[in-house]
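Here is how the chains run, residue by residue.
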Amino acid sequence: MSEMRVVGVRVELPANQPILLLRESDGDRYLPIWIGSVEATAIALEQQGVKPARPLTHDLLKDVLGALDRRLEQVRITDLQEGTFYAELVFDGDVRVSARPSDSVALALRVGVPIHAEEGVLSEAGLVIPDEQEDEVEKFREFLDTVSPEDFAGT
C-alpha cells in the first residue's frame, strides 16, 4: 500500500471529463481516476482553500463526523474492476465504509487524513510519466493528451 497525494483535478478534452490525479508520495507513479464534475468541484474548491457560503456534501459529512465524535483515519483506494475504482473510508475502531474514490478524496482533503492505494491498483492503473524535471502541471497536461478512459478498462 502506497501513500498518495493529490496533484489536482483537470478536465480531459475533448470529452470534458474531469480526472483526479494522485501521485505516490514516495514514488514515481501517478494514478488517474475519472470522476464526476460535482466531486471534481468539491476537490478543487478544497485544494484552493475556497469556503462556500453553505457547506457542500463533503463539508457536511465532516461536520457530522465531528458531531458524532467519530474520526476518519485514512482513505484507501482498494480495487479496480472493469474500469471502476473502489475505495473505503477507514474510521476509528477500524470501521470501514465502501465509497467512491472521488468522495473519499474530497473528504480526506477536508479532514486532513492520508490517502493510500493498494499495490494491485497501482500495478494495474498507475503510470510513470517521463521527464521528472518538468513541473507537475505540465506533466499532467501531457498525460491528458495521451490517455483515454479505455486505457483503464482493466483486463
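Residues numbered from 1 in each chain as written. Predicted model: local features only at pLDDT ≥ 70, side-chain atom pairs only at ≥ 80, totals over all residues. Heavy atoms only, no water.

J.: So what's going on with the overall build of the protein chain? Residues and values would help.
T.: In terms of helices and strands, the protein chain carries five helices and eight strands. Secondary structure elements of the protein chain, listed N to C terminal, follow the sequence β-β-β-α-α-β-β-β-α-β-α-β-α. Each of the 155 residues in the protein chain was classed as buried or not, and the buried ones make up 42%. Across the protein chain, contacts joining residues at least 24 apart in sequence account for 54% of those joining residues at least 6 apart. (Helix = DSSP H or I, 4+ residues; strand = E, 2+ residues; numbered from the N terminus. Buried < 20%, exposed > 50% of the residue type's maximum accessible area, 1.4 Å probe, protein only. Contact = heavy atoms within 4.5 Å.)

J.: Please give an account of the packing of helix α1 (residues 37–47) against helix α3 (residues 101–111) that cites residues and values.
T.: As a packed pair, α1 and α3 sit with axes 9 Å apart at the nearest point and diverge in direction by 20°. When the interaxial angle is binned, α1 and α3 end up roughly parallel. Between α1 and α3 lies a crossing whose hand is left-handed. Residues E39, A42, I43, E46 and Q47 of α1 form the contact with α3, whose participating residues are S102, D103, V105, A106, L109 and R110. Tallied by class, the residues present in the contact of α1 with α3 amount to five nonpolar, two polar and four charged. (Axes fitted to C-alpha atoms, helices over the stretch in contact; angles between N-to-C directions. Parallel < 35°, antiparallel > 145°, perpendicular 65-115°, else oblique. Left-handed = near helix turned anticlockwise from the far one by under 90°. Nonpolar A, V, L, I, M, F, W, Y, C, P; charged D, E, K, R; others polar.)

J.: Account for the pattern of salt bridges, naming residues and giving values.
T.: Side chains bearing opposite charge may pair, as long as their charged atoms lie close to each other. This structure, assessed with the given rule, holds twelve salt bridges. Here R29 makes a salt bridge to E119, at a shortest N to O gap of 2.9 Å. One end of the pair, R29, is in strand β3 (residues 29–34); the other, E119, is in helix α4 (residues 119–125), and 90 residues separate them in sequence. Its relative accessible area of 34% is what places E119 among the partly exposed residues. (Salt bridge = Lys/Arg side-chain N within 4 Å of Asp/Glu carboxyl O.)

J.: Explain the sheet that holds strand β6 (residues 95–99) to me, using residue names and the numbers behind them.
T.: Within the open sheet, the eight strands sit side by side as β6-β5-β4-β7-β1-β2-β3-β8. Their pairing is mixed. Taken across any chain shown, the strands that pair with only one partner, and hence form the sheet edges, are β6 and β8 (127–128). Where strand β2 (residues 17–24) and β3 come together, five bridges link them in antiparallel fashion. Bridge pairing in β3 links L20 to I33. Of the strands in this sheet, β1 (2–12) and β2 touch α1, which is tilted by about 115° from β1. (Pairing = 2+ DSSP bridges.)

J.: Please provide a residue-by-residue account of the side chain of R29, values included.
T.: Looking at R29, its side chain comes within polar contact range of the side chain of E24, at 2.9 Å. A polar contact of 2.9 Å, which involves the side chain of R29, links it to the side chain of E119. Discounting chain neighbours no more than four positions away, the residues touching R29 are S2, L22, R23, E24, E119, L122, S123, L127 and V128. (Polar contact = N/O pair within 3.5 Å; in protein donor to acceptor, adjacent residues only side chain to side chain.)

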